[in-house]
Amino acid sequence: MRADLWQRAKDAHDEGRLRVTEVRAGQYLGSGAVSPFTLLIAPRVREGELALVLGNPDAAHSFSYTEDVAAALVAVSGDERAWGRAWHAPVITTTVREAATELAALHGAPEPRLDPLTERDLALLSFTDPLWREFAEMSYMSERPFTVDDSDARATFGLKPATLREALAA
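Here's a quick rundown of the structure.

Parameters at a glance
Each chain has its residues counted from 1, running along the sequence as written. In keeping with the predicted nature of the model, local features appear solely for residues at pLDDT of at least 70, side-chain atom pairs appear and are counted solely at 80 or more, and the whole-chain, interface and lining totals rest on all residues. As a rule here, side-chain values come from all non-hydrogen atoms in the structure, and water together with hydrogens is ignored. Secondary structure is summarised from DSSP: a helix means a run of H or I of at least four residues, a strand means a run of E of at least two, and numbering begins at the N terminus for each. Burial status follows relative accessibility: with a 1.4 Å probe on protein chains alone, a residue under 20% of its type maximum counts as buried, one over 50% as exposed, and anything between as partly exposed. The contact criterion used throughout is that any non-hydrogen atoms of two residues lie within 4.5 Å. For the area figures, the Shrake-Rupley method with a 1.4 Å probe applies, and any residue is considered shielded solely by the protein chains shown. Asp and Glu count as negative and Lys and Arg as positive, but His and the ends of the chain are not part of the count. Each charge is placed at NZ for Lys, CZ for Arg, CG for Asp and CD for Glu. In this text, buried Ala, Val, Leu, Ile, Met, Phe, Trp, Tyr and Cys residues form a nonpolar core when linked through side-chain atoms within 4.5 Å. Two strands make a pair as long as DSSP finds a minimum of two bridges between them. Lines fitted to the C-alpha atoms define the axes, with helices restricted to the stretch that makes contact. Angles between their N-to-C directions range from 0 to 180 degrees.

### Thoughts on the overall build of the protein chain
Then comes step 1: In terms of regular secondary structure, the protein chain is built from nine helices and seven strands.
Then comes step 2: When its C-alpha atoms are laid out on the principal axes, the protein chain stretches across 55 × 35 × 25 Å.
Then comes step 3: Residue burial in the protein chain is summarised as follows: out of 170 residues, 42% are buried.
Then comes step 4: Taking all contacts inside the protein chain whose residues are at least 6 apart in sequence as the whole, residues at least 24 apart take part in 78%.
Then comes step 5: Carbon and sulfur atoms make up 52% of the accessible area of the protein chain, which totals about 9,700 Å².
Then comes step 6: In the protein chain, which carries 18 positive and 26 negative side-chain charges, the distance between the mean positions of the two groups comes to 2 Å.

Pasting the structure below:
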């Protein structure tokens, strides 16, 4: 659905009916962020409890710090070069395990214990809450490396991501 909406907007732009641009983000980290990491992993890691993980905790993954996304939105909205294309906000590429380990260190918690959710777990949980159906639908992003190339936004707008530590400390 997201791809279709973007294509319609892009077509309208190309036809001269609208001026459009888009900023895309990875899995959110930071103040107010809602993501599988912030919902499933972070609270458990801070408490020193077992955290259930979607997919492979050792696969490279692109995370977006909420402040970096805000900076990208501001930069794109005020620059004529932004029109007519999508941009990736700056990302922090790491693994879930590395992010959990850094979070535990920040909070003085023990080494994180991570255990993957199985397809069966997700299917059963999907009966109880629609959010789990969304997680199941997007689980392919967590099974293998899922990284984003943000180099165009960095080069064009001079953006750069915060460090993993900064994003998790927020």
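### Describing the nonpolar core
Then comes step 1: If you look at the biggest cluster of nonpolar residues, it comprises 25 residues, and the most contacted ones within it are Leu29, Phe37, Ile41, Val45 and Leu114.
Then comes step 2: Elements with a minimum of two residues in this core: helix H2 (36-46), strand E3 (51-53), strand E4 (60-65), helix H4 (96-107) and helix H9 (164-169).
Then comes step 3: When residues no more than four places from it in sequence are discounted, the contact partners of Val45 are Ala51, Ala100, Leu103, Ala104, Ala109, Pro112 and Leu114.
Then comes step 4: Among the nonpolar cores identified, the runner-up in size contains ten residues, and Val69, Ala72, Val76 and Ala82 belong to it.

### A few points about the sheet that holds E4
Then comes step 1: Taking strand neighbours across the sheet as the criterion, the three strands line up as E2-E4-E6 in an open arrangement whose pairing is mixed. Of all strands in the sheet, those with a lone pairing partner are strand E2 (27-29) and strand E6 (92-95), marking the two edges. When the angles between neighbouring strand axes are averaged without regard to direction, this sheet yields 50°.
Then comes step 2: Sheet topology note: the E2/E4 ladder contains three bridges and is parallel. Its bridge partner lying in E4, Leu29 is registered against Tyr65.
Then comes step 3: With respect to the sheet, helix H3 (residues 66-77) is in contact with E2 and E4, its orientation differing from that of E4 by roughly 65°.

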